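What follows is the residue order along each chain.
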Amino acid sequence: MSTRQRLASWLKTKSPEDRRLILARVGFTTDDDVTPQDLARLLLQPRAALALARFCTLPQHQALSAVAWLAAQRHGPLLNLWHDADPVTRAVPRADVLDLLAGDDPVLRDRAAATLDALADMALVLPPHGDQVIVSTGVHAHLADTAGLGRPAAELIGLHFNAPEVHALAEALAFPKARAREGAERNVLDLLTDQERVRALLAQAPASAREWLLEIIGSGSRVLTHAYQERGFGYHQAPKYAFRPGGSGDPNTDWLAARGLLLPAGLEDTAEVPIEVAVAVLGELRVPFTPEPPRPPDGLPDAAGADGSAQAAATAALSQIERVLAACADRPPALRKAGGLAVRDTRRIAKAAGVAEDVARLWLDLAMQAGLLGLHAEPVQRPKGHRGKLPDPVVSLLPKTGYDDWLQRSPAERLVPIIATWATIPAVYTFWPEEAGTPVALIEPDDPYAAGIRSAVLDALAALPPGRGVSADGLPYVTERAAWHRPLHFAESGADDDLVGAVLREAELLGVVAGGALTGVGRAVRDLLLSGAAWTSPESALTAALTAMLPPAQGTAFFQADLTAVVRGMPGPELADLLDDVADRESEGHAVVWRFSGSTVRRAFDRGHEADALLARLTEVAEAPLPQPLEYLIKDTARTHGRVRVVRSGCCLRSDDEALVEELSRSAALRTLGLRKIAPTVLISARGEEETLARLRAAGYTPALESETGAAIVERAARRRA
C-alpha cells in the first residue's frame, strides 16, 4: 500500500471538521466536505506540506528538521523536488529521531515522542505512524538545512578559507608552520575532528567563551558576527573570507574564531560551529530541541478589570466606526488613481470621527474588508458629438446597501463582522514602517504572515497567569513567546517588537485584549483561529462572547443641568443620531457624554429640527424631566434662528411699477422662470440672467440688464475672431 493510500485511509478516520481544518491550514476554505482521497493527494504536494509547517511550534519545527536532516544523511540529498517517488523511500527510524532530539534523557524523549505524535495529528508525519518516520518531500527539500547542525569543518574550511587563513588557524592552535596549505589544513582538521582534543582545547578557553559556544550550539550553531570580512567583490557561489582586522568586537567570538571553533558560514556576517565541535561539546550528536516555551516574567501587573476595560474599548470602537461610515456617507472620499485614499480625505474623516489618523485608517480598512464600505464609479456621460476618449470615472467610497441594516442591529451583532475580519485579515494595518512611505488607507492586504502572527500573540497572552497582563515592559516576552508558537512566521517575516506592539494595540482597540490580558472576546477569537472556524463560521461564537461583554443598546439618556447628556453604555442608533444632531460628543467609554451649546443647537435647526418638536423628542428619550437650562438654551436659540434668510435664486428682477411686478409674477408665459415676489417691487428668478432676459423679451417685455452696483449694462454681441 502506498503512502497516499495509507494517508487517505487515515483521513477517513477524521471528522469532516478535522479535514476542513487541515484544508484551511493548507490555504483553502470550504463549507463542503472534502474527500479523503483528494485531501491525501493535496497533502503530498510540497507546497501543501510547507503551508502546514507554518502552523508548527518551535519544537515541532525542530523535530521535522531533525527528520529531514537524518534522511539526507541516510539517503542523500533530495535532488528532484517534484519526483513521484513514494515518501516512504526516505523514511528514518523513529528511535534515531528521538536520539537526535533528546539523547538519553527519558523526560526529553517523552516530550520528543509527544511532538512527533502531534505532527502526525497535523498530517505532517505520514502514516503508518510506526517505527519509521515518514514526511513529505517538501519537508525534506526545505527543512534539511534548518536542523541547527553545522557542516563538517573540512567543508567549511575548504569552501571559505584561502591559505593565509588556514595557516593562521594552525598558528593559533600551536602547530609548527607547515610548508603548504595542505599540511596546515590537515593539522587543523585532525584536531577539530578529535573530540578529546577539542575538549582539551576548550578547557583552556575563558569560561565566558565556553558559555558563549554552548549558547550558539543550543540556538542552531549559527551566529551573527563581524569576525570575518569577504575577500574580493561581486557574487561568488562559495565566497572566501579573511579575519577582520581588529576582530569582531566580542572577545569570546574572536577566541573561538581564531581557533576554528567558529568558521565562516558563507553568508554575510554569519559564522557556524562545525558539527564535530558541537558533538565534542555536547558529548553526542544532538539538534536543538526546545519543548518548553518561554515562561512569563515575574511581577506582571494586575489585569483583574480587563473585561470592564474591554467593554469601554469595544463601545468606543463601535461609536468611532459608525462615525467613520457616516462621514463617508455625508462626503464620499474619492479613490486616488494610484490607489488608496488621499491623506486629506483620511484626515477629514478622522476629524469627523474624533480619532487619530492611524485609527481612522484601521476602521476604514476593516469596514471595507467586512463589506460595510464599497467603491462606486460614477459613469461619465459622453457629450453630444464627442468622439475622443472619455476621462476615467471618479471612484468614490460609500457605505454599501447592507450598512442601513447593520445600523439597526445590536451592538454585539455590529461588532461581529469587524472582529471576524480583523482576526483573519492578511495585514496589520496600524504597522507602517518608515521605509514604506506615507501611510495610506484602503491598501490591498497582502501580508501572508499577519494572521499567523496575530494568532501567536493571542497564544502568548493565553499563557499568562490568571488575572495578570503584560505592560510595555513585557512586550519582549510576548514577542519571544509568540515566536515559539510560530517560528517560521517570525523568521520569514522578520517580525519584531514593533509589529507585535501594533497587533496588541489593534486588539486593545477592539476589546480583544485589555490591560495586557485576553478578554472573553479574545479567548473566543483565539479558539476560532486554532480550530480554523475563524475562516468559515465565526459568527455564533463571536456573537455569544460579545453579547456577554456588551450591554444592550440604550434608548434613553440622562440630561444634566450643566448642558450634558450621559448614556450609560452603548446608545442605540436612533438615540445616537438625535444627540449627534443637537450636541457634540465629549467622551466615550463605559458611558458616552454629549455637550450642548448654542452652536450645536443652531446646527440642529439648520438640519431641519424645530424647537417644539426637538424638545418633545428629547423629552421622550430623557430618563428624567429635561433641566431648565437646556430648555432655555433651545428656546432662546430658536428665537434668533432664521431671522435672516438666504434665498437661492438665479437672478433678481426689480421695477418701481408694482402693478408690473404683480403682472410678471402671474404671467403663464413666464412660469418656467419660477418667479417669486419677495417684496412689492422685487422678484427673484430660478434661472440665470441670460435665460431670464430672453424669456421676458420673448413674452413681449423690454427688460434692461443691470450690474451689481445698479448701473445699466450695454449688451453687445460677441465678435468672433480666429
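It should be noted that the structure appears before, not after, this text.
Below is a summary of the structure that appears in this document. Note that the structure is a prediction, hence the values are computed from the model and not measured. Along each chain, the written sequence defines residue order, and numbers are assigned to residues from 1. In keeping with the predicted nature of the model, local features appear solely for residues at pLDDT of at least 70, side-chain atom pairs appear and are counted solely at 80 or more, and the whole-chain, interface and lining totals rest on all residues. In computing side-chain values, all of the structure's heavy atoms are included and hydrogens and water are not.

Observations regarding the side chain of arginine 361
Reasoning step 1: With respect to the helices and strands, the residue arginine 361 is situated in helix 18 (residues 357–369).
Reasoning step 2: Summary of buried charges: arginine 361 has no salt-bridge partner, and the nearest side chain of opposite charge, glutamate 357, is 4.4 Å away.
Reasoning step 3: A contact between two residues is defined here by any heavy atoms of the two lying within 4.5 Å. Dropping the residues within four chain positions of it, arginine 361 is found in contact with Thr346, Pro439, Val440 and Ala441. Runs of E in the DSSP output that reach at least two residues are strands. Runs of H or I that reach at least four are helices, and both are numbered from the N terminus. Each residue's exposure class comes from its accessible area (1.4 Å probe, protein chains only) as a fraction of the maximum for that residue type: buried when under 20%, exposed when over 50%, partly exposed otherwise. His residues and chain termini do not enter the charge count, which takes Lys and Arg as positive and Asp and Glu as negative. Here, a salt bridge means any side-chain nitrogen of Lys or Arg that lies within 4 Å of a carboxyl oxygen of Asp or Glu.

What about the packing of helix 16 (residues 306–330) against helix 18?
Reasoning step 1: Where helix 16 contacts helix 18, the two axes come as close as 10 Å, and the packing angle between them is 75°. With respect to helix 18, the element helix 16 is oriented roughly perpendicular. Listed contacts from helix 18 to Ala317, Gln320, Ile321, Val324, Leu325 and Cys328 of helix 16 are Val359, Trp363, Leu364 and Ala367. Only C-alpha atoms enter the line fits that serve as axes; for helices the fit covers just the stretch in contact. Angles between N-to-C directions range over 0 to 180 degrees. Geometric relationships in this document are graded by angle, where less than 35 degrees denotes roughly parallel, more than 145 denotes roughly antiparallel, 65 to 115 denotes roughly perpendicular, and other angles denote oblique.

As for the nonpolar core
Reasoning step 1: Within this scheme, the nonpolar core is defined by two criteria: the residues are buried Ala, Val, Leu, Ile, Met, Phe, Trp, Tyr or Cys, and they are joined through side-chain atoms within 4.5 Å. Among the nonpolar cores identified, the biggest contains 83 residues, and Trp363, Leu364, Val478, Val512, Val525 and Leu546 are the most heavily contacted of them.
Reasoning step 2: In terms of residue count, helix 16 provides more of this core than any other element does, ten residues in total.
Reasoning step 3: Filtering out sequence-adjacent residues up to four positions away, valine 525 remains in contact with Ile419, Trp422, Ala423, Leu458, Val512 and Leu542.
Reasoning step 4: Formed by 57 residues, the second largest nonpolar core is a distinct cluster that contains Val34, Leu126, Val133 and Val135.

A short note on the pairing of strand 19 (residues 682–685)
Reasoning step 1: Residue alternation in strand 19 divides its side chains into two sets, Val682 and Ile684 and Leu683 and Ser685, and both sets are buried.
Reasoning step 2: Two strands form a pair only when DSSP identifies at least two bridges running between them. Inspection of the sheet shows strand 17 (residues 651–654) paired to strand 19 by four bridges, in the antiparallel sense. Following the sheet pairing, cysteine 652 is matched in strand 19 by isoleucine 684.
Reasoning step 3: Bridging between strand 18 (residues 676–679) and strand 19 involves three bridges; their strand directions are antiparallel. When the sheet's bridge partners are listed, lysine 677 is paired in strand 19 with leucine 683.

Describing the environment of valine 324
Reasoning step 1: As for its placement among the helices and strands, valine 324 is situated in helix 16.
Reasoning step 2: Residue valine 324 is classed as buried on the basis of its relative accessible area, which comes to 1%.
Reasoning step 3: Sequence spacing of valine 324 and alanine 353 is 29 residues, and the spatial spacing of their C-alpha atoms is 5.5 Å.
Reasoning step 4: Once residues lying within four places of it in the same chain are set aside, the contact partners of valine 324 are Ile349, Ala353, Trp363 and Leu364.

Remarks on helix 11 (residues 181–192)
Reasoning step 1: Take the residue count of a helix, subtract one, and multiply by 1.5 Å to get its expected span. Over its twelve residues, helix 11 extends 16 Å from the first C-alpha to the last, a length consistent with the 16 Å expected when each residue adds 1.5 Å.
Reasoning step 2: Residues Gly183, Ala184, Glu185, Val188, Leu189, Leu191 and Leu192 constitute the buried set of helix 11.
Reasoning step 3: Against the buried residues of helix 11 lie helix 9 (153–160), helix 10 (163–172), helix 12 (195–203) and helix 15 (275–282).

Considerations on the packing of aromatic side chains
Reasoning step 1: Planes of paired rings set the category: under 30 degrees apart is stacked, over 60 is edge-to-face and the rest tilted, where pairs are Phe, Tyr or Trp rings (Trp by its six-membered ring) whose centres lie within 6.5 Å. In total, this model carries five aromatic pairs according to the counting rule given.
Reasoning step 2: A ring pair is formed by phenylalanine 559 and phenylalanine 596, whose centres lie 6.0 Å apart and whose planes are at 45°; its orientation type is tilted. Separated by 37 residues along the polypeptide, phenylalanine 559 in strand 13 (residues 558–559) and phenylalanine 596 in the loop between strand 16 (591–595) and helix 28 (598–606) bring together distant segments of the chain.
Reasoning step 3: Phenylalanine 559 sits in the buried class, given a relative accessible area of 6%.
Reasoning step 4: Overall, the relative accessible area of 3% leaves phenylalanine 596 in the buried class.

With respect to helix 5 (residues 58–75)
Reasoning step 1: Its 18 residues place the ends of helix 5 25 Å apart at the C-alpha level, agreeing with the 26 Å of an ideal helix rising 1.5 Å per residue.
Reasoning step 2: Phi turns positive, to about 85°, at glycine 76, one or two residues after helix 5.

A word on the pattern of salt bridges
Side chains bearing opposite charge may pair, as long as their charged atoms lie close to each other.
Reasoning step 1: Taken as a whole and judged by the stated rule, the model has 31 salt bridges.
Reasoning step 2: Across the salt bridge formed by arginine 74 and aspartate 96, the nearest N and O atoms sit 3.2 Å from each other. Highlighted residues: arginine 74 in helix 5 and aspartate 96 in helix 6 (residues 94–102), separated in sequence by 22 residues.
Reasoning step 3: A relative accessible area of 29% places aspartate 96 in the partly exposed class.
Reasoning step 4: Between arginine 348 and aspartate 345 there is a salt bridge, with its nearest N and O atoms 3.8 Å apart. In this pair, arginine 348 and aspartate 345 both sit in helix 17 (residues 343–353), three residues apart, roughly one turn of the helix.
Reasoning step 5: Arginine 348 sits in the buried class, given a relative accessible area of 18%.

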